[in-house]
Amino acid sequence: MPAVSKGDGMRGLAVFISDIRNCKSKEAEIKRINKELANIRSKFKGDKALDGYSKKKYVCKLLFIFLLGHDIDFGHMEAVNLLSSNKYTEKQIGYLFISVLVNSNSELIRLINNAIKNDLSSRNPTFMCLALHCIANVGSREMAEAFAGEIPRILVAGDTMDSVKQSAALCLLRLYKTSPDLVLMGEWTSRVVHLLNDQHMGVVTAAISLITCLSQKNPDEFKTCVSLAVSRLSRIVSSASTDLQDYTYYFVPAPWLSCKLLRLLQCYPPPEDGAVKGRLVECLETILNKAQEPPKSKKVQHSNAKNAILFEAISLIIHYDSEPNLLVRACNQLGQFLQHRETNLRYLALESMCTLASSEFSHEAVKTHIETVINALKTERDVSVRQRAADLLYAMCDRSNAKQIVAEMLSYLETADYSIREEMVLKVAILAEKYAVDYSWYVDTILNLIRIAGDYVSEEVWYRVIQIVINRDDVQGYAAKTVFEALQAPACHENMVKVGGYILGEFGNLIAGDPRSSPLVQFNLLHSKFHLCSVPTRALLLSAYIKFINLFPETKSTIQEVLRSDSQIRNSDVELQQRAVEYLKLSSIASTDVLATVLEEMPPFPERESSILAKLKKKKGPGAVSVNELEEGKREGGELNGGGERGGDSSSTPSPSADLLGLRAGPPVTAAAPSAGSLLVDVFSEAVKQPSPTAFLRLFVCKNNGVLFENQLLQIGIKSEYRQNLGRMYLFYGNKTSVQFVTFTTTVTCPGELQSHILHIHTWNSLEPLIEGGAQVQQVINIECLTDFSDAPLLNIKFRYGGALQNLTLKLPVTINKFFQPTEMASHDFFQRWKQLSLPQQEAQKIFKANHAMDTEVLKAKLLGLGMALLENVDPNPENFVCAGVIQTKAQQVGSLLRLEPNAQAQMYRLTVRSSKDTVSKRLCELLAEQF
Amino acid sequence: MIKAILIFNNHGKPRLSKFYEHYTEDTEQQIIRETFHLVSKRDENICNFLEGGLLIGGSENKLIYRHYATLYFVFCVDSSESELGILDLIQVFVETLDKCFENVCELDLIFHMDKVHNILAEMVMGGMVLETNMSEIITQAEAHNKMEKSEVRAALLRSD
């Protein structure tokens, strides 16, 4: 018997729907709907009380109208009346209406809450389920406030029906997601974990979603779920296909639940208990083995279900990243799927392999599939699959296959879908830079990129090629020649003109010897593009022209002619006009010496993270660039540890040819940068010319030693000690290149207030103005704290490296907390003092999100590093931290108290600082809030 | 998590929409249109997964769909769901509808919207999967149907 017989239902509704379907035009439909809305409205407003049946009919009509995309702004009240009814039919349709047309009207919610309360206590499972569904669908704060306490009770109560348990689990999950602060952990939490053992598979199915979410937020509290999940999984995996009866789907036992169990395990590291781990590995092996068995059915549903489990198992193996044997098997399995006739499987295999490529155990194994992946990029009919292939090529790229992969990506770009071109361009640009062994290849690649997909080449990409050419003098001649040739094309992209203008303006002299690219030929070539370009490009070209006058005096008269022409000197664009006027004047007044100084070759750019990489990260989110991030993470780690060694060279991809760069003759930049991301600085982005001076300051609030700064040329290490209001700081300057730095000078300044009287700084020994290649020199700075302060002193470093002047300004990590004397006190004293400091301005408070894992030991270490005494057994809540200390300045002593309240559930902290001086509270709060 | 479940026909007419995250009515309609646009232009027999449209969260979310005769069944899910698992879930949903309506067709969804919603509610709740066992879902649907019938009969008797 069908569960729904087609005959019954409501005639009025059927007529209305037929009417709508018969409407010949949109206008007719709207007319019919408006008529109906008016009808329903009058019925609802009418004096005659409607019976349940009519109400139900009208509400159904409203739902249908809503589905067609028309606003419904009434009927909620009638729906509430329906759901308060005792009849299932009416109650059901009332709840449905509210679920579909959620309304945050609080008056209404209060009425609904009342009805829900009645249904929850009705002990009628159908009514209870309807009520739980409604809470889960609306999920508003008011509902959470009303029911967050009740639902856990229903969930774990012994006499709750299975179907109600299922609904209660998911209802609770929903409330936990929308209002985590209202769902309090308690006695029920341990019983929830045991639902994984429940007899009823439906209960397990619902409960596992809840447990997964709770484990992600409170991993420690739910740790016991690991062994339970493993044993449940093992029972399912080893069961015969008929054991689980209705939960067997096309001969696969409980595929959905298996997937969810494998997902849950991905919230945790591999099990520590040997027996549990053994059992799990056995499960994973069984799943991998089953993939090789002949299918039990030819139906696609069978293979789907089987493979769903297989892919989750592979994700878990990749997540653990510790079993080389399983990783290689996983990789081989995915390799098989890459050639499968099912598109879905090819798609998923490409996606999984992307994560596999970043594991050191399987990177090489992934690389063996390069031809298949390239083929996929070329031949897949489906753009979403091609995109996955492009992602995978990007992930598997390393020095050994970069040329091949970049070439393939470039040729794919010519026909690529518009939707993914920009991302492809960024990826090509990054790979080309990251794995460039031969910089003429890099230049070729980027120029090709501009030629093929000029519209999608963002500013960052062409800025970058110019930075690299300027920093590497071995490629400058080649770049000039190549760009000159590229500009010969009758139609070339404006970005090409920009690069051409810049490079020829700087290095046109390197190819001027050849009569085919003599100065005038170069100039005429550039100028032939001038009129086709936008204002910014024209401005750039004008700058190139004045550089030409400097490089090639013989072009002076021609160029002056151009600058003098009405179209330039009377240009309606102010910027262009100004440039034309100034350049013209400059070229006629200045002597050749002055001109040469003004237009001196650009100095090399200092190092910083590639803005291209930053852009790709922004575009794709973290997942897409995991490999690079990994490397970046390692690099940062190196700096934090203060290791003088270049820790960054441990990039995750083996690069046997890295030394090639070091072998090259000629100075500027030393061996390949640890990661591509750090090759050069991008002067064009907001922080001009140097890393933000405050960037490193944050790292030193809670510690005194480490690496203050590092780029390709220079490393600055720091060691400092403080006593009372005095401090001494040792600075170590290391020359990382093989060339000496000359006229090396450093100055420490205290800007603004700091200078006049707040902080007294005295540099102890003066430095030699020369640092040999590879050598390190030391400088000592004495510091005296006169009174409290908030800004930090500046350290300016100047030196010449290979003729180019380097200029760097950093903040010295001198912060007020360095002058703390820890003060031990008992609980009673602490709170007495805390109360004494009760003026509003004496307190500073911040509530902020945790940036790091909330590990108690780490927190303790940081607070100790701050310099205060960490007081145990003072705060009644053991989760909280309280500290006390006195800041010693020459003028006065400032007592300070601190309280840090972590909220692990919300991943938030509340930090309160009280001290006898308002500026101190404020500053301490600012400094500390960045630390956790 | 399942963000939304959409059913529309080959012309983009919505036949069921269920959102598990809150959007304004206007946005919901736009999401339906955008999703239809993304899915309908795809050839048959290619991949059943694609990145979600911008309105529903872009590449963070995936659209997983199946095309049956005149209807598209589209589930929009985040990265915590197994793609193939969801594909199976769509199949379970359709097979269940088929059993409940005896050869389900587009008209059944139109005329029995409330029942379709009820069946879906037995499977998915608040964006998470409640039950995957088809016979369990059908049993529940039948029980509800029986309750409804007895109430209708009682009403008829009363009005006699």
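Residues numbered from 1 in each chain as written. Chains lettered and ligands numbered in written order. Predicted model: local features only at pLDDT ≥ 70, side-chain atom pairs only at ≥ 80, totals over all residues. Heavy atoms only, no water.

As named in an unreviewed UniProt entry, chain B is AP complex subunit sigma, taken from Cyprinus carpio carpio.

As named in an unreviewed UniProt entry, chain A is AP-2 complex subunit alpha, taken from Cyprinus carpio carpio. Per UniProt, the comment on chain A under Subunit (unreviewed entry) is "Adaptor protein complex 2 (AP-2) is a heterotetramer composed of two large adaptins (alpha-type subunit AP2A1 or AP2A2 and beta-type subunit AP2B1), a medium adaptin (mu-type subunit AP2M1) and a small adaptin (sigma-type subunit AP2S1)." The UniProt entry for chain A carries this comment under Sequence similarities (unreviewed entry): "Belongs to the adaptor complexes large subunit family." (UniProt positions renumbered as here; feature names shortened; annotations may be inferred.)

**Quick notes on helix α24 (residues 439-453) of chain A**
All names here are of chain A. With 15 residues, α24 extends 21 Å between its outermost C-alpha atoms, agreeing within 8% with the 21 Å of an ideal straight helix rising 1.5 Å per residue. Of all 15 residues in α24, 12 are buried, a share of seventy percent or more. Considered for burial, the residues of α24 that qualify are Tyr439, Ser440, Trp441, Tyr442, Val443, Thr445, Ile446, Leu447, Leu449, Ile450, Ile452 and Ala453. (Helix = DSSP H or I, 4+ residues; strand = E, 2+ residues; numbered from the N terminus. Expected span 1.5 Å × (residues − 1). Buried < 20%, exposed > 50% of the residue type's maximum accessible area, 1.4 Å probe, protein only.)

**Considerations on the pattern of salt bridges**
Tallied over the entire structure, the rule returns 47 salt bridges over all chains. A salt bridge links Glu312 of chain A to Arg263 of chain A; the nearest nitrogen and oxygen atoms lie 2.7 Å apart. On the criterion of sequence distance, the pair formed by Glu312 of chain A in helix α16 (residues 300-320) and Arg263 of chain A in helix α14 (residues 255-265) is long-range, its members being 49 residues apart. Accessibility assignment for this pair places Glu312 of chain A and Arg263 of chain A in one class, buried. Among the salt bridges present, the one from Glu784 of chain A reaches Lys890 of chain A, with a minimum N-O distance of 3.9 Å. Here the residue Glu784 of chain A occupies a position in strand β8 (residues 776-785), and Lys890 of chain A occupies one in the loop between β14 (881-888) and β15 (893-903), the gap between them amounting to 106 residues. When its relative accessible area of 19% is taken as the criterion, Glu784 of chain A is described as buried. What makes Lys890 of chain A exposed here is its relative accessible area of 56%. One network of salt bridges, in which partners are shared, links Glu351, Arg388, Asp391, Glu423 and Lys427 of chain A together with Glu51, Lys62 and Glu83 of chain B. (Salt bridge = Lys/Arg side-chain N within 4 Å of Asp/Glu carboxyl O.)

**As for the nonpolar core**
With 275 residues, the main nonpolar core has Ile116, Leu196 and Leu449 of chain A together with Ile2 of chain B as its most contacted residues. Sequence-distant contacts of Leu449 of chain A, defined by excluding residues within four places in its chain, comprise Leu410, Leu413, Val425, Val428, Ala429, Gly454, Val457 and Val461 of chain A. Counting residues in each nonpolar core, the second largest holds 59 residues, with Tyr722, Leu795, Leu859 and Met868 of chain A among its members. (Core = buried A, V, L, I, M, F, W, Y, C linked by side-chain atoms within 4.5 Å. Contact = heavy atoms within 4.5 Å.)

**Notes on the pairing of strand β4 (residues 714-723) of chain A**
Remark: a regular strand shows side chains that alternate across the two faces of the sheet. All names here are of chain A. Burial analysis of β4 places 7 of its 10 residues in the buried class, which makes it a mostly covered element. Alignment of strand β3 (residues 706-710) against β4, held across 4 bridges, turns out to be antiparallel. Residue pairing across strands places Gly706 opposite Ile718, the latter belonging to β4. Linkage of β3 to β4, two consecutive antiparallel strands, is achieved through a turn of 3 residues. Sheet analysis places β4 next to strand β5 (residues 726-735), joined by 10 bridges and oriented antiparallel. In the strand pairing of β5, Glu721 is matched with Arg728. In this antiparallel pair of consecutive strands, β4 and β5, the connection spans 2 residues, and Gln724 shows a positive phi of 50°. (Pairing = 2+ DSSP bridges.)

**Quick notes on the environment of Arg800 of chain A**
All names here are of chain A. Looking at the secondary structure, you find Arg800 in strand β9 (residues 794-801). For Arg800, a relative accessible area of 35% translates into the label partly exposed. Between the C-alpha atoms of Arg800 and Thr745, which are 55 residues apart in sequence, the distance is 9.8 Å. What Arg800 contacts, discounting residues up to four positions off in sequence, is Gln740, Phe741, Val742, Thr743 and Leu805.

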